[in-house]
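Structure assessment
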Amino acid sequence: MSTLPQELIDVVLNFVGDDDRTLRACSLVSSSFRTTSQKHLFHSVDIYLDRAHGAANARLHFLLHSNPRFRVYIQTVAIGIYGGHGDGTVAEILGMLPRVRSLSLHNAGIRPTRWLSLSETFRSPLLRMMQSSILVDLSLEYVDIPFIHLRCLPQLKHLSMPIVHALGNRIGAHAMAGRSDIPLILPPSAPGYLEALKVYNSYECERLIDSLHKPGSGLLLTRLSTFHGRIVTIGDLAPFQGILDIASQTLLSLVIRMDCNENSSGNVDLRTLSSLRYLELHLSGRYADICGQNLLQVLQMLPPFAPLEKLTLLGVSEFDLNSQDWYLLDDILTSGASIPPPRFVVIELYTRQSYVARHVPKLVQKNSIRIIDRF
């Protein structure tokens, strides 16, 4: 074993992936296997703030305290709030981790966790971790955080807020006035640029624009390349469109979840997205006819500059589009009259594959479509 090159051992262990049982066994083979195995084992840690996990947190604290080399292996931290407020043990654990690149805060409760409900002992090291120069990925799920903090994170590249009611800059500044844990540093003179954003609430879209798209912000949206968003009602359109307009020159990949209901009317305009290459549309809702009409409207507003590399339509059924609408969709995506035809189309539908294939003959003939039957 000692004659094996370390690079070969590392490649073998990389294929093991997240199989903790196998990695533990490999760590006992030899010193050549031990370090790489431990790097995989300690790459990600989950921390929970509720009392039920107090013993587990204490064991992790003891392990990191007695084995300092493990601290630099941890690059991904997921913190489950679950009604807890954060104690001194968790705060000390966060202070021991200097190389965290991805941080996730999530809460499975009925109501979102308020920032001020967390203990000050826990908030301070959490903010220091967020401000680390190597933290590039932040996910907030059902956890409120004042947007004033995001303005001071120029190193951040990926921000995910799928389920969160975040405090806006104005509300956050008022609620946090006079608190000692507010970072008193000014945004850097050279701002950073967010590259990927996932947000499923128009309120957060609006607050992001108010906070980040203004002079003095240390984190900007103007170079966004990937955006996941959700449209529920007509009231969601303006903030959603605002994000698209800000990133119109750089956006490469766009995912839109369209929840169709009786208040859905109008649609987003994608014609200014000059760099868009990948578009994914998710359809859901009780009103099939509205879903179909919204889909056709979006497809007629695709960028006219260059063809999409891939267009994906998810959740489509025969009830969303009648026969005439299917033929219209086929014509929009193949004729080139209004938009350059996408190079490849994927339709994942909740109806029989043969039904759709009959109604999009031009796409089938061009051999540029894959139909996935989920019926």
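See the structure shown above.
Fair warning: this is a prediction, and the values are worked out from it, not measured in the lab.

Quick word on the packing of helix α8 (residues 202-212) against helix α9 (residues 237-246)
- The N-to-C vectors of α8 and α9 enclose an angle of 45°; their axes lie 8 Å apart at closest approach. Compared by their axis directions, α8 and α9 come out oblique. Crossing of α8 against α9: the hand is left-handed. Only P239, F240, G242, I243 and I246 of α9 make contact with α8, whose side of the interface consists of S202, C205, E206 and I209.
- Residue composition of the contact of α8 with α9, grouped by class: six nonpolar, two polar and one charged.

As for the packing of aromatic side chains
- Tallied over the full model, the rule gives three aromatic pairs.
- Seen in terms of ring centroids, F70 and Y73 are 6.1 Å apart; in terms of plane orientation they differ by 40°. Their pairing is tilted.
- Assessed through its relative accessible area of 5%, F70 is described here as buried.
- Ring plane angle 35° and centroid distance 5.2 Å describe the contact between F227 and F240, whose orientation is recorded as tilted. Residue F227 is found in strand β9 (residues 226-231), and its partner F240 is found in helix α9; the two are separated by 13 residues along the sequence.

Quick word on the layout of surface pockets
- By volume, the largest pocket is sized at about 460 Å³.
- Elements with a contribution of two residues or more to the lining of the largest pocket: α2 (20-26), α3 (31-41), β1 (44-48) and α4 (54-66).
- Residues belonging to the lining of the largest pocket are distributed by class as follows: eight nonpolar, five polar and five charged.

A few points about the nonpolar core
- With 92 residues, the main nonpolar core has I79, F227 and L254 as its most contacted residues.
- Not counting residues up to four positions away in its chain, the partners in contact with F227 are L197, V199, C205, F240, I243, L244, L251, S253, L254 and V255.

Quick look at a nonpolar patch on the surface
- The grouping of L4, L8 and V12 at the surface amounts to a nonpolar patch, some 230 Å² of accessible area in total.
- Since its relative accessible area comes to 46%, V12 is described here as partly exposed.

What counts as what
- Residues numbered from 1 in each chain as written.
- Predicted model: local features only at pLDDT ≥ 70, side-chain atom pairs only at ≥ 80, totals over all residues.
- Heavy atoms only, no water.
- Axes fitted to C-alpha atoms, helices over the stretch in contact; angles between N-to-C directions.
- Helix = DSSP H or I, 4+ residues; strand = E, 2+ residues; numbered from the N terminus.
- Parallel < 35°, antiparallel > 145°, perpendicular 65-115°, else oblique.
- Left-handed = near helix turned anticlockwise from the far one by under 90°.
- Contact = heavy atoms within 4.5 Å.
- Nonpolar A, V, L, I, M, F, W, Y, C, P; charged D, E, K, R; others polar.
- Phe/Tyr/Trp six-rings, centres within 6.5 Å; stacked < 30°, edge-to-face > 60°.
- Buried < 20%, exposed > 50% of the residue type's maximum accessible area, 1.4 Å probe, protein only.
- 1 Å grid on protein atoms, 1.4 Å probe; cavity = no way out; pocket = protein on both sides within 12 Å on 5 of 7 lines; lining within 4 Å.
- Points joined across faces, edges and corners; volume = space filled by probe spheres on them.
- Core = buried A, V, L, I, M, F, W, Y, C linked by side-chain atoms within 4.5 Å.
- Patch = residues over 30% accessible without salt bridge, like charges linked within 9 Å, V, L, I, M, F, W, Y side chains within 5 Å.
- Areas by Shrake-Rupley, 256 points an atom, 1.4 Å probe, with all protein chains shown as cover.
- Salt bridge = Lys/Arg side-chain N within 4 Å of Asp/Glu carboxyl O.

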